[in-house]
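# Descriptive structure summary
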Amino acid sequence: MTERTIHQRVLLAKVGLDGHDRGIKLVARGLRGAGFHVIYSGLWQSVDSVAQAAQDEDVDWLGVSILNGAHMTLVPALLETLRKRDLTHIGVIVGGIIPQDDQEKLKQLGARACFGPGTSIDSIVQFLSK
Amino acid sequence: MPLDVHRDDIPNLVQRMRRRDRSALSRLLTLASSGQQREALTAELPTQLKSTPPVIALTGGGGVGKSSLLGSLTTHFAERGERVGVLACDPESPVTGGALLGDRCRIASTATSDRVFVRSLSTVSGQQGVAQNIDLMLDVMKAFGFDRIFVETVGAGQGDVAIRQVADVVVLILQPQTGDELQWEKAGILEVADLVVVNKADLPGAAQTVADVKPQLGAADGQGVSVITTSVAKGEGIDGLCRAIERLAVSPRK
Amino acid sequence: MQKTTVSGVAIQPLYTVADLEGFDPEHELGLPGQFPFTRGIHESMYRGRLWTMRQFAGFGRPSDTNERFCFLLEQGQTGLSTAFDLPTLMGLDSDDPRSVGEVGRLGVAVDTIDDMLALFDDIDLNQASVSMTINAPAIVIMAFYVAAARQRGFDLKKLRGTIQNDILKEFHAQNEIVFPPEPSVRLVVDLIDFCTQHVPRWNPVSISGYHIREAGSTAAQELAFTLADGRHYVEQCLNRGMNIDAFSPRLSFFFNAHNDLFEEVAKYRAARALWAELMRDEYGAKSEASWKLRFHAQTAGCSLQAVQPEVNLVRVAYQALAAALGGCQSLHTNSMDETLALPSEHAVTLALRTQQVLAHETGVTNTIDPLGGSYFVENLTRQMKQETRDCFGEIAGQGGMIAAVENGYFRRRIADAAFAYQRAIDSEEKLLVGVNAFQQSDDPSISVMQIDAATESAQVESLRDIKRCRSSDAVLRSLDDVRRVADAGENVFPALLEAADHRVTVQECVDALAHALGRFRPAPGW
């Protein structure tokens, strides 16, 4: 008998040309510590490559780190792409420097949460563990 | 994870998957990996396939460059028009069961994404180092219609031996040794390897490592096992490695 | 209860002479301007000349940044510091699909020599000192700069400035990477070699710890990894047959100025002493200029908080103090609202005033190395030196720098340190004002720089024009040349200079180089 506990799968992705990955690596470790299976897309991803990875890896959550300020273009595009691929069951969370107004707008468009700088890793883990 | 009839309807998924529906493949791999509904899945999968793609396992210790090498290999075969499937394994934390699955970022690329499918999975620690239910996952992948399937193992030593059961070709990857310990001597891995690759051949110690490993090979059954050098950084030896893999896939040792 | 520095180093409640066993100030410290330069590289330090106040700038199209440059020069700034946009930093042109949304956003967009000429239009390059912060395609940008200067009739021998060109720290921390490790270093050396011969007053590399620290390393790691990188460049230059005293005097450094004041001061002092020893005793440099570690400092970007941003002013002031007490040669102070937005003019002015108050009102510049002789600081300096030496041993044990990079040694250390720090914050073992202590609910909202779509389309349009008008024959020929010399292992700089004149683009040059050198995708190295 080879049934096993299902661990939630999370894809963490860096979209755009920015290479700062300190934060995303900390989130990865925190999630691993809470039993998640964390898949990392690597740097320099596009909306399409992230969506493809999310589909191929059959993830439950998708966390995108957008540090170039273009979140209001990239996140809606990503949500739309996921919709087209019938992947709306995936919970999308966004990390970056996102003003409150933009956070509200993104949540209305379908993002589950936005996490700005200074967010504790624990709170992100708690959110995904709910 | 919410129970979604559509997403767990195995007959429907298998039908779609046989028609090269990648999202169905992805979903079936999850079901296969969990071991749930193993019988139902096995029942739906075809018992005979027109052609079975070779399963090539890449094994070796941490840091030898398995993922980078796999990135080069998959690109090579994809550029020749092949459909390539990859299962990339990383160890699970024995304490929390969580895992960091980072091989994908060196294997998957935008240039080849329509041809190359990468699935990351974890290996339960303390076990044989092979992901559970990998045999079932491979059955699913074979039914999808890949031309070639790669499995990247964790390199836990004992698990590398277990991979022999599911792979047609086992490739052991080494890197130039800087210390005296010949780390790959343990756990009988040399006996199961069909091919040995010394990667990062541009680094010092490569020639010595080749010289050290050659006498250890072929000791078990007398069949010659080749040693190839590669350097992903310099893009050297990849063609030779691909040719060797192809030869072995056609006439495997086992 | 145990107290530790920001980096987690245990600190005693009190330090006495007993903590400085065998202290020999004559050899351990020397006098300022004397080996091993612990107290400072110049005899008079700030009594003779203050550090340079050099603030970063760059945005939009070259003409936009040029306007800012001219303005700053008019205000009396003598040093210009150029920030490039992400596409340029990654060797991409403004019209590449991956550049969409990123052109001119976090720095200036440079695609061709035309952009370089516009960027420095009306500026006397034989007078102003120009700093350019770019790494993976640094050699291409430098070639464009030299070609532009040449076209304008400036004497190359009189060009003064710095180009960051420190690719190793990209592999450790910042990820602005195009080529694999070894070929990347080869390009660094090509640039150093060319400049040593033809642009002798230029600093061809700024060996950086700043970014390593920003990625989460400890202070000791910042120091150790930076000096290890410096050693590797020196060794590669020597392997090339270059004369150590010809290129070493122009090697420059760039460190972070973080929150823990005494730890930072110890770091800078240890840096000078270690480098001097390495250069004189290990590499046999004969000239004093070769032994002196010159460094630029920047206050820690990672310490800026998005909440209660005015508190950042205070942080920056203390960090600047550390840099001054540590004897930096030039300093950039961050603006309080600088998380990822272009700072407001008001904030930029305050950042400059921070340095001015420090320099003119606090008295710290009245004497050299004021913390020298402190039991605490001398003890910390010693610890830093020892940790760095241990690290050198570890790198050697890995098989050297390139092997250590490919093994992920640096990345893992940095990730571990970042993780330890984050745990300390999350558990409130370390407090961050406004973040996990003294929070305010009435925080003003953050502003983020808005992209001006017109900038991007104008730049793309102008690039398309250039591609239409230039001679495609000349372009193809010069790219062939670049590929040929890159393959042959020759110095690529002259071929790039040629290409620049024919209006070849940054991306075309990078692609030609990648043909021979390959491309690289980093592993996470968690």
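How each quantity is defined
Counting restarts for each chain, with residues numbered from 1 along the sequence as it is written. Whichever chain is written first becomes A and whichever ligand is written first becomes 1, with later ones labelled in order. Only residues with pLDDT of at least 70 get local features here, since the model is predicted, and only at 80 or more are side-chain atom pairs given and counted; chain-wide, interface and lining totals rely on the full set of residues. Contact criterion: two residues are in contact if their C-beta atoms, reconstructed from the backbone, are within 7 Å. Elements are defined by DSSP. Helices are runs of H or I of four residues or more, strands are runs of E of two residues or more, and each kind is numbered from the N terminus. Three categories are distinguished: nonpolar for Ala, Val, Leu, Ile, Met, Phe, Trp, Tyr, Cys and Pro, charged for Asp, Glu, Lys and Arg, and polar for the others, with Gly belonging to the last. The angle between two axes is taken between their N-to-C directions and runs from 0 to 180 degrees, where each axis is a line fitted to C-alpha atoms and a helix contributes only its stretch in contact. For classification purposes, angles smaller than 35 degrees are called roughly parallel, those larger than 145 roughly antiparallel, those between 65 and 115 roughly perpendicular, and all remaining angles oblique. Note on convention: near helix rotated counterclockwise from far helix by under a right angle means a left-handed crossing. Clockwise means right-handed. Two strands qualify as a pair provided DSSP detects at least 2 bridges between them. Here, the term right-handed applies to a crossover whose path from the first strand over the helix to the second runs clockwise when the strands point away from the viewer. Confidence of the predictor at the level of single residues is given by pLDDT, which spans 0 to 100. Here the expected length of a helix is defined as 1.5 Å per residue gap, with one fewer gap than residues. Exposed residues have 12 or fewer other C-beta atoms within 10 Å of their own C-beta, buried residues have 20 or more, and partly exposed residues fall in between, where C-beta atoms are placed from the backbone. Connectivity within a nonpolar core runs through C-beta atoms within 7 Å, and the core itself is a set of buried Ala, Val, Leu, Ile, Met, Phe, Trp, Tyr and Cys residues. Note that the domain bounds were set by an automatic or database domain assignment.

Before going further, it helps to examine the interface of chain C and chain B. Taken together, the contact pairs 13 residues of chain C with 13 residues of chain B. Mapped by element, the contributors of at least two residues to the side of chain C that touches chain B are helix H8 (181-198) and helix H17 (401-407) of chain C. Per-element tally for the side of chain C that touches chain B: the top contributor is H17 of chain C, with three residues. Across the side of chain C that touches chain B, the residue classes break down as six nonpolar, four polar and three charged.

Once that is clear, we can look at the packing of helix H6 (residues 138-151) of chain C against helix H21 (residues 493-501) of chain C. Residues and elements named next belong to chain C. Across the interface, H6 lies against H21 with an axial gap of 8 Å and an inter-helix angle of 60°. Here H6 is positioned oblique relative to H21, judged by the angle of their axes. H21 is crossed by H6, and the crossing has right-handed handedness. On the side of H6, the interface is formed by Ile139, Val140, Ala143, Phe144, Val146 and Ala147, while H21 contributes Phe493, Leu496, Leu497, Ala500 and Asp501. Residue classes in the contact of H6 with H21 are distributed as 10 nonpolar, no polar and one charged.

Moving on, we get to the pairing of strand E6 (residues 160-163) of chain C. Residues and elements named next belong to chain C. The sheet contact formed by strand E5 (residues 129-133) and E6 spans four bridges and is parallel. Within E6, the position partnered with Met132 by the bridge is Ile163. Assessed by its sense of winding, the connection that carries the chain from E5 through H6 to E6 is right-handed. When E6 meets strand E7 (residues 202-203), the two strands line up parallel, connected through two bridges. The residue of E7 that forms the bridge with Gly161 is Trp202.

For the rest of this paragraph, the subject is the sheet that holds E7 of chain C. Read from one edge of the open sheet, four strands run E4-E5-E6-E7 (chain C), paired in parallel fashion. Two strands bound the open sheet, and with one partner strand each, they are strand E4 (79-83) and E7 of chain C.

For sheets, the rule is that strands pair by backbone hydrogen bonds, running either parallel or antiparallel. Residues and elements named next belong to chain C. Across the sheet, which stays open at both edges, the five strands sit in the order E3-E11-E10-E9-E8 with parallel pairing between neighbours. A single partner strand is all that each edge strand has here, and the edge strands are strand E3 (52-53) and strand E8 (205-208). Pairing of E3 with strand E11 (residues 330-332), which is carried by two bridges, proceeds in the parallel orientation. Of the residues in E11, the one forming a bridge with Met53 is Leu331. Across the sheet, helix H10 (residues 219-239) is in contact with E8 and strand E9 (251-257); its angle to E8 comes to roughly 145°.

A few words now on the interface of chain A and chain B. Counting from both sides, the interface comprises 30 residues of chain A and, opposite them, 32 residues of chain B. Of all the secondary structure elements, the ones that give two or more residues to the side of chain A that touches chain B are helix H1 (22-33), strand E2 (37-40) and helix H2 (47-56) of chain A. Taken together, the three bridges between E2 of chain A and strand E3 (residues 99-101) of chain B define a ladder with parallel strand orientation. Bridge pairing links His37 of chain A to Ala99 of chain B in E3 of chain B.

When pLDDT is low, close inspection of the predicted coordinates is not appropriate. All names here are of chain B. Chain-level pLDDT for chain B is 85 on average; 85% of the residues reach the 70-or-more range. Per-residue pLDDT, averaged within each element of chain B, yields its smallest value for helix H8 (residues 158-162) (64) and its largest for strand E5 (residues 148-152) (96). The complex prediction reports pTM at 0.93, with the ipTM value standing at 0.92.

Glancing now at the packing of helix H12 (residues 261-282) of chain C against helix H16 (residues 375-398) of chain C. Residue and element names in this part refer to chain C. Between H12 and H16, the least distance of the axes is 8 Å, while the angle of their chain directions is 55°. Put simply, H12 runs oblique to H16. The two elements H12 and H16 meet at a crossing, and its hand is right-handed. Side by side, H12 and H16 meet where Phe262, Glu263, Val265, Ala266, Lys267, Arg269, Ala270, Ala273 and Leu274 of the first sit next to Phe376, Val377, Leu380, Thr381, Met384, Lys385 and Thr388 of the second. Per-class residue counts for the contact of H12 with H16 are 10 nonpolar, two polar and four charged.

All names here are of chain C. Compared with the 26 Å implied by 1.5 Å per residue over 18 residues, the 26 Å span of helix H18 (residues 409-426) between its first and last C-alpha is a close match. For H18, the complete set of buried residues consists of Tyr409, Phe410, Arg411, Arg413, Ile414, Ala415, Ala417, Ala418, Phe419, Tyr421 and Gln422. Count one or two residues on from H18 and you reach Glu428, which has phi positive near 65°.

What follows deals with the nonpolar core. Ranked by size, the top nonpolar core spans 270 residues in total, and within it Val38 of chain A, Val171 of chain B together with Phe144, Val482 and Leu496 of chain C carry the most contacts. Top contributing element to this core by residue count: H6 of chain C, with 12 residues. Beyond its immediate chain neighbours, meaning those up to four positions away, Val171 of chain B contacts Ile56, Ala57, Leu58, Ala193, Asp194, Leu195 and Val197 of chain B.

Let's shift gears to the domain arrangement of chain B. Residues and elements named next belong to chain B. With domains assigned, chain B is organised as domain 1 (1-45) and domain 2 (50-250). Listed as interface residues are 13 residues of domain 1 and, on the opposing side, 12 residues of domain 2. Secondary-structure elements contributing two or more residues to the side of domain 1 that touches domain 2 are helix H2 (10-18), helix H3 (22-34) and helix H4 (38-44). Looking at which element gives the most residues to the side of domain 1 that touches domain 2, the answer is H3, with six residues. Each residue belonging to the side of domain 1 that touches domain 2 can be placed in one class, and the counts come to seven nonpolar, two polar and four charged.

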